[in-house]
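# A look at the structure
Letter by letter, the chains look like this.
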Amino acid sequence: ADISWKQLFTDKQLNKYIERGLENNLDIRIALRNIDAAAAYVKQGRAAYFPSVNLGPGYTFSSPSLNSINGKNLSERSNLGQFDITAGLSWEADIWGKIRSNERAANATYLQSIAAHQAVKSTLVAAIATTYYQLLALDRQKKVTEETIQNREQSVETINALKASGNVTEVAVKQTEAQLLNARGVIIDINNSIKLLENSFCILLGEDPHPVDRSNLEDQHIDTPLAAGVPAELLANRPDVMSAEYSLINAFELTNVARSNFYPSLRITASGGLQSIDLDKLFSVGSLFGTLAGSLTQPIFNARQIRTQYEVSKARQEQALISYRQSVLNAGREVSDALYTFQTADDKIKVKQQEYEAYVQAINYSEELLNYGLATYLEVLTARENMFNAQLSIINTEFGRLSAMVELYRAVGGGWR
């Protein structure tokens, strides 16, 4: 997990694609914008320690009713206008840690967005590598199938010659032609799969569909030793586990904020500035005014809003804890599955290679027995078909091993460094 993908993957072409994907992929760009948004909330949380200050000019016009309290002493209706420039200040003391908890919650959200970005990177690197290896496997299968088609075309010519000499029947000819047509159908499917997979690969890169340059399956080597380590070490770099942990921290701090709403709050407010009914006297000393007030407010009854917010926060905190436990369990399962799959694929390659060699010998023996009239041509056809399927199976197993290695790398949290 501590190894950079540049060190793990030895294919230079693959590394170029990963670099392009990390730069252009749309999910990566969305995750980066989420980080920017979370960083803005962190700055807002830090600014909550400071008082809020407002400043602005104003003009008030009033025409009091003669029948109102303000106008009963007036003999006639008068229009009053007042100019003012007022500054207001408000500050709440963080007695119960509400502001501190909000700041910690914002920090946890920010770190969670970073972990989410790392998770996207890790998943993207794994997806690009797996898709690239799958393309190499399809290229190899296509090459094997093309060689098989050439061999079967020669077999069709041979079997027609044998029929002309009376050594085989029309049944053998049709069976050989059917095998040739089957191989041609396989190549059509492989070409279609390659095209669709190239399109999917381009989407991962954040690009329009285009042909994908690539190397060969035979050139892929894993030089980095793969060791399991202890479970804590395996999961320490998992971005999704870190994200779930930060989500739990956020929920815990927001519960503290909801709890602090039960307690009284100390608020200090102040305002001051200039007021005058005459604009030319607005900036004189006589126009100055100021007020200062302090209040201690204890909520008593507010339609159960505070208790509801607290209970909801507690429930969300419990949800975050369950999600965290679930992410840890899931991460452990994925690591175990990937390790087992990688080891299984490693062992399976040896068995499949031996199976292929056995089919090659079976073809040689059946052809030799056919020459002496001790075997039927159907046995030769069956051995050839089995050998072809064994070749494709070996390629699939080699891809499965590479894919398991990539999945193991992702499962332990690699790929985002």
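Nothing here was measured: the structure is a model prediction, and the numbers come from that model.

### Things to note about the overall build of the chain
When helices and strands are tallied, the chain shows 9 helices and 4 strands. Taking 2.2 N^0.38 as the reference for a compact globule, 417 residues should give roughly 22 Å; the C-alpha atoms of the chain span a radius of gyration of 38 Å, well beyond that estimate. Taken over the C-alpha atoms alone, the chain extends approximately 135 × 45 × 40 Å along its principal axes. Looking at the chain residue by residue over its 417 residues, the buried ones come to 36%. A separation of at least 24 residues holds for 80% of the contacts in the chain among residues at least 6 apart in sequence. When the accessible surface of the chain is summed, it comes to about 24200 Å², and 55% of that surface belongs to carbon and sulfur atoms. Mean positive and mean negative side-chain charge positions of the chain (40 and 46 charges, respectively) differ by 9 Å.

### What about helix 5 (residues 170–205)?
Compared with an ideal rise of 1.5 Å per residue, which puts 36 residues at 52 Å, helix 5 spans 53 Å between its outermost C-alpha atoms and is within 8% of the ideal. Just downstream of helix 5 lies Gly206, where phi reads positive at about 75°.

### What about helix 4 (residues 98–164)?
Here helix 4 is 67 residues long and its end C-alpha atoms lie 96 Å apart, about the 99 Å a rise of 1.5 Å per residue gives. Phi turns positive, to about 85°, at Gly166, one or two residues after helix 4.

### A short note on the side chain of Ser327
Counting through the fold element by element, Ser327 comes out in helix 8 (residues 305–371). With relative accessibility at 12%, the residue Ser327 sits in the buried group. For Ser327, the side chain forms a polar contact with the main-chain oxygen of Tyr324, separated by 2.7 Å. Residues in contact with Ser327, not counting those within four places in the same chain, are Val241 and Ala244.

### Considering the pairing of strand 4 (residues 288–297)
Among the 10 residues that make up strand 4, 0 are buried, leaving the element largely open to the surroundings. In this structure, strand 3 (residues 265–276) lies alongside strand 4, joined through 10 bridges in antiparallel fashion. Bridge assignment links Arg267 to a residue of strand 4, and that residue is Ser295.

### Comments concerning the environment of Glu379
Position of Glu379 among the secondary structure elements: in helix 9 (residues 377–411). Through-space distance from the C-alpha of Glu379 to that of Glu367 is 8.6 Å; in sequence the pair is 12 residues apart.

### A few points about the pattern of salt bridges
For the structure on display, the rule yields 17 salt bridges. Put simply, Asp36 and Arg33 hold a salt bridge, and the shortest N to O gap is 3.1 Å. One end of the pair is Asp36 and the other is Arg33, both in helix 3 (residues 26–47) and 3 residues apart, which spans about a single turn. Overall, Asp36 belongs to the partly exposed group, its relative accessible area being 44%. One salt bridge connects Glu334 with Arg238, and the closest N-O pair in it is separated by 2.9 Å. Of this pair, Glu334 sits in helix 8 while Arg238 sits in the loop between helix 6 (231–235) and helix 7 (239–260); the two residues are 96 residues apart in sequence, bridging distant segments of the chain. Neither residue differs from the other here; Glu334 and Arg238 are each classed as buried. If you follow the salt bridges from partner to partner, you end up with Arg238, Asp240, Glu334, Glu407 and Arg410 in one network.

Parameters at a glance
Residues numbered from 1 in each chain as written. Predicted model: local features only at pLDDT ≥ 70, side-chain atom pairs only at ≥ 80, totals over all residues. Heavy atoms only, no water. Helix = DSSP H or I, 4+ residues; strand = E, 2+ residues; numbered from the N terminus. Rg over C-alpha atoms; globule rule 2.2 N^0.38 Å. Buried < 20%, exposed > 50% of the residue type's maximum accessible area, 1.4 Å probe, protein only. Contact = heavy atoms within 4.5 Å. Areas by Shrake-Rupley, 256 points an atom, 1.4 Å probe, with all protein chains shown as cover. Lys, Arg positive; Asp, Glu negative; His and termini not counted. Charge placed at Lys NZ, Arg CZ, Asp CG, Glu CD. Expected span 1.5 Å × (residues − 1). Polar contact = N/O pair within 3.5 Å; in protein donor to acceptor, adjacent residues only side chain to side chain. Pairing = 2+ DSSP bridges. Salt bridge = Lys/Arg side-chain N within 4 Å of Asp/Glu carboxyl O.

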